[in-house]
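Breakdown of the fold
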Amino acid sequence: MIKIIYIMWLRQIKRYWRSKSRIIGSIGQPMLYLVAMGFGLGGIYQKAGGGNYIDFLAPGVISQSIMFMAVFNGVDLIWDKQFGFLKETLVAPVSRLEIVLGRVLGGATISVIQGILVFLLTLVVGFKPENLSYLLPSVGLMFLIGLFYASLGTAIASLMKDFHGFQLIMNFLIMPSYFLSGALFPLDSAPPALQTIASFNPLTYGVSGLRQLMAGTVNYSLGIDILILIILSSITLSITSYLFTKIEA
Amino acid sequence: MSKANINSHTIIKVQKLTKKFNGFTAVDDISFTINKGEVFAFLGPNGAGKTTTIKMLTTLLRPTKGKISINGFDVKHHQHQVRRSFGIVFQDFSLDEELTAWENMYFHAVLYKVPGNLVKKRINNLLRLVSLSDRKNDFVKTFSGGMRRRLEIARGLLHRPQILFLDEPTLGLDAQTRNKLWSQIYKLNHKYQTTIFFTTHYLDEAEKMASRVAIIDHGQIVAQGTALELKQLTKTNSLEDAYLKITGKDIRQESVDYMSKMRLRQSRRPR
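Numbers given for residues are sequential positions, taken from 1 along each chain in its written order. Think of it this way: whatever chain is written first is A, whatever ligand is written first is 1, and the rest follow in order. Under the rules for a predicted model, residues below a pLDDT of 70 receive no local features and side-chain atom pairs below 80 are neither given nor counted, while totals for whole chains, interfaces and linings still include all residues.

Turning to the overall build of chain B, a few remarks are in order. Here a strand is any run of E in DSSP of at least two residues, a helix any run of H or I of at least four, and the numbering for each starts at the N terminus. Along chain B, the regular secondary structure elements total 10 helices and 10 strands. Counts of 20 or more other C-beta atoms within 10 Å of a residue's own C-beta define buried residues, counts of 12 or fewer define exposed ones, and intermediate counts define partly exposed ones; C-beta atoms are placed from the backbone. For chain B, the proportion of its 271 residues judged to be buried stands at 44%. In this description, any two residues whose backbone-derived C-beta atoms lie within 7 Å of each other are considered to be in contact. Across chain B, the fraction of contacts at a sequence separation of at least 24, relative to all contacts at a separation of at least 6, is 69%.

Below, the structure written as structure tokens:
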């Protein structure tokens, strides 16, 4: 079982690593957020007594880039569906659970690599992590965020036949998740309705956890963040596995 | 080229097989058997139900009704054993273009649990068989259509399947590559007694290679037998004429239409 999961995981990693334009391209958007919003709103944030905005923003942008990369890796399944490779795995004498686990773990790993790259970028624009010894736990949390969103992306892709619904994912899942997660503004000063909506958003707990580990700012307790992400990842992974077994080529 | 290396053991048995999609009947109550070592051509116009049948035989689609037995195993209840029994070359390419030829083969070896000590030797032998040894470390995206097909055939044979399904394996290939490919398939059939189940738009291939032919139209098998029997039945001189008489459709025009569709599909592939 481990070997099948490993080979599926390895395929994802190789494909990512070989696509240099994808790696470079995926850094563009976080860079834009860090520079445009970080420097653009930094002054106002500081005047309002919020402190250094880059320190606040960096964990949010890292979480966002992990979510993007993980969802897109999951949705990558649609390419395999459309261009044939999926069939090669579906006719193999292995359980679909092994295949889906390999794919999702591959997506989660790639999103962690992405998170680390963006973290390095945040250092360049002036982010100062609170405590360097928390970097390793931060990577663990990045993996949990990646695991949840890679599962979610794969679940969505299991239901989709082509990329026609892709814009729907962008407009109704990715962007709202990002803007309503507390990545860009502090949730405690947001209207109560927005805070309630954010509490139903899985990314909120990813941002909250990373911000606590990296910048020392507490929103929810780290234990709650981790617990919620583990529960959500387990539920989503189970649903994804079920949907994957139902795929007919 | 003499025809297939057959024995009397039934390796594929299809009974009253039906597949419906939202009320549309794609495959309608078909039955046939294929013996071990046979080269069986499954012919029919576009949309007749050929690929749907192959998908059901290879566990990719669940039949609405009917029974399929592959190598003695029921497709519905023993999927893993069935899957170990066959190799397949799909109508559309199913290689990972971002991996090398070797990596695609290795990936398959792991999925099919080929014993570790045999993997390297088998991959090298098969790549030699399909004349791709010198390109084994090249990315598949740099391969021509013919090279991809050859690699897919090699990959399909890596786990030593008893049956090889070939869905339009030579479509879009030049005559020289087609000949080369068929001579390799012929070698496999004779060397390992591999049963070959194939579909094609090139009826000369079917006439030359197949020990038996079935023609499917509107989801039903409308004729079955050796090429000679079909020619005698329709009082024609070639399988192509027999086909035209049975289905009323010109397979050459269909082949051109289909290839245009395939090219369009390939051009939309992400780079």
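Next up on the list: the overall build of chain A. Of regular secondary structure, chain A possesses 11 helices and zero strands. Taken from the N to the C terminus, the helices and strands of chain A come in the order α-α-α-α-α-α-α-α-α-α-α. Here the radius of gyration uses the C-alpha set of atoms, whereas the globule reference equals 2.2 Å times the residue count to the power 0.38. Rg of the C-alpha trace for chain A: 18 Å, near the compact-globule value of 18 Å for 249 residues, within the 12% margin. Projecting the C-alpha coordinates of chain A onto the three principal axes gives extents of approximately 60 × 35 × 35 Å. In chain A, which comprises 249 residues, the share counted as buried stands at 49%. Within chain A, counting contacts between residues at least 6 apart in sequence, those at least 24 apart form 84% of the total.

Our focus in this paragraph is the interface of chain A and chain B. By a widely used convention, the size of an interface equals the accessible area lost when the partners come together. Residue-level contacts link 21 residues of chain A with 23 residues of chain B. At the level of secondary structure, the elements contributing two or more residues to the side of chain A that touches chain B comprise α1 (2–18) and α5 (85–90) of chain A. Here the residues of the side of chain A that touches chain B sort into 11 nonpolar, two polar and eight charged. In this count, Pro and Cys sit with the nonpolar residues alongside Ala, Val, Leu, Ile, Met, Phe, Trp and Tyr, while Asp, Glu, Lys and Arg are called charged and the others, Gly among them, polar.

Bringing the environment of Leu 227 of chain A into the picture now. Relative to the assigned elements, Leu 227 of chain A resides in helix α11 (residues 222–245). Using a count of 13 C-beta atoms within 10 Å as the deciding quantity, one classes Leu 227 of chain A as partly exposed.

Right, let's talk about the sheet that holds strand β8 (residues 195–199) of chain B for a bit. Residues and elements named next belong to chain B. If you walk across this open sheet you meet the six strands as β6-β7-β8-β3-β9-β10, and the pairing is mixed. This sheet does not close on itself; its edge strands, each paired only once, are β6 (86–89) and β10 (220–225). The average undirected angle you get between the axes of adjacent strands in this sheet is 15 degrees. The sheet contact formed by strand β9 (residues 212–217) and β10 spans five bridges and is antiparallel. By the bridge assignment for β10, Ile 215 is matched with Ala 223. Helix α8 (residues 227–234) rests against β9 and β10 of the sheet, and its axis sits at about 110 degrees to β10. Two strands qualify as a pair provided DSSP detects at least 2 bridges between them. Axis definition: a line fitted to C-alpha atoms, limited for helices to the stretch in contact. Angles are taken between N-to-C directions and run from 0 to 180 degrees.

Residue and element names in this part refer to chain B. Here helix α5 (residues 145–157) crosses helix α6 (residues 175–192) at 10 degrees, and the two axes come no closer than 10 Å. Considering the angle they form, α5 stands roughly parallel to α6. Residue-level inspection shows Gly 146, Arg 149, Arg 150, Ile 153 and Leu 157 of α5 in contact with α6, the latter providing Thr 177, Leu 181, Gln 184 and Leu 188. Of the residues contributing to the contact of α5 with α6, the split by class is four nonpolar, three polar and two charged. When an angle is under 35 degrees it counts as roughly parallel; over 145 it counts as roughly antiparallel; between 65 and 115 it counts as roughly perpendicular; any other value is oblique.

Here we take up the sheet that holds strand β5 (residues 73–74) of chain B. All names here are of chain B. An order of β2-β1-β4-β5 is seen for the four strands of this open sheet, with the pairing classed as antiparallel. A strand with exactly one partner marks an edge of an open sheet, and here the two such strands are β2 (24–35) and β5. The pairing of strand β1 (residues 10–21) with strand β4 (residues 65–70) spans five bridges and is classified as antiparallel. Residue pairing in the sheet places Gln 15 in a bridge with Lys 67 of β4.

Here we come to the environment of Met 105 of chain B. Residues and elements named next belong to chain B. Mapped onto the elements of the fold, Met 105 is located in helix α3 (residues 101–111). Placed 46 residues apart in sequence, Met 105 and Thr 59 show a C-alpha to C-alpha distance of 21 Å. Those residues in contact with Met 105 that lie beyond four places of it in its chain are Ile 123, Ala 154, Arg 155 and Leu 158.

The next thing to look at is the pairing of β2 of chain B. Residues and elements named next belong to chain B. In terms of strand pairing, β1 meets β2 through eight bridges, oriented antiparallel. Across the sheet, Val 14 pairs through a bridge with Phe 32, a residue of β2. Here β1 folds back onto β2, and the loop between the two strands holds two residues, one of which, Asn 22, carries a positive phi near 45 degrees.

Before going further, it helps to examine α5 of chain B. Residues and elements named next belong to chain B. To estimate how far a helix should reach, multiply one less than its number of residues by 1.5 Å. The end-to-end C-alpha distance of α5, which contains 13 residues, comes to 19 Å, matching closely the 18 Å that a straight helix rising 1.5 Å per residue would cover. By the criterion of burial, α5 is predominantly enclosed, with 10 of the 13 residues buried. Among the residues making up α5, those that are buried are Arg 148, Arg 149, Arg 150, Leu 151, Glu 152, Ile 153, Ala 154, Arg 155, Gly 156 and Leu 157. Check the buried side of α5 and you find it contacts β6, α3, α4 (116–129), β7 (163–167) and α6.

Here we come to the packing of helix α2 (residues 20–47) of chain A against helix α6 (residues 96–124) of chain A. Helix-helix packing is described using two parameters, namely the angle between the two axes and the distance between the axes. Residues and elements named next belong to chain A. In the contact formed by α2 and α6, the axes pass within 10 Å of each other and the chain directions differ by 35 degrees. The handedness of the crossing between α2 and α6 comes out as right-handed. Contacts between α2 and α6 involve Ser 26, Ile 27, Pro 30, Met 31 and Leu 34 on the former and, on the latter, Gln 114, Leu 117, Val 118, Leu 121 and Thr 122. Across the contact of α2 with α6, the residue classes tally to seven nonpolar, three polar and no charged. A crossing counts as left-handed when the near helix is turned anticlockwise from the far one by less than a right angle, and as right-handed when that turn is clockwise.

What follows concerns the pairing of β8 of chain B. Residue and element names in this part refer to chain B. The element β8 is largely enclosed, with a buried count of five among its five residues. Bridge count for strand β3 (residues 39–43) against β8 is three bridges, and the pairing is parallel. Each residue of the ladder has a partner; that of Phe 40, found in β8, is Phe 197. Both β7 and β8 contribute to a ladder of five bridges, which runs parallel. Among the inter-strand pairings, Asp 167 is bridged to a residue of β8, identified as Thr 199. By definition, the crossover connecting two strands over a helix is right-handed if that path, from the first strand to the second, turns clockwise as seen with the strands pointing away from the viewer. At this point the chain moves from β7, through α6, to the parallel β8, and the crossover so formed is right-handed.

All names here are of chain A. In this model, α11 (24 residues) spans 34 Å end to end at C-alpha, consistent with the 34 Å of a helix rising 1.5 Å per residue. Within α11 the residues assigned to the buried category are Asp 225, Ile 228, Leu 229, Ser 233, Thr 236, Leu 237, Thr 240, Ser 241 and Phe 244. In this fold, the buried residues of α11 make contact with α6, α7 (135–159) and α10 (202–215).

Attention now goes to the nonpolar core. Take the buried Ala, Val, Leu, Ile, Met, Phe, Trp, Tyr and Cys residues, join any whose C-beta atoms are within 7 Å, and the set you get is a nonpolar core. Grouped together as the largest cluster of nonpolar side chains are 141 residues, with contacts concentrated most on Ile 145 of chain A together with Ala 154, Phe 165, Phe 197 and Val 213 of chain B. Ranked by residues supplied to this core, first place goes to helix α3 (residues 53–75) of chain A with 15 residues. Among all residues touching Ile 145 of chain A, those that are not within four sequence positions of it are Ser 63, Ile 66, Met 67, Gly 206 and Leu 229 of chain A.

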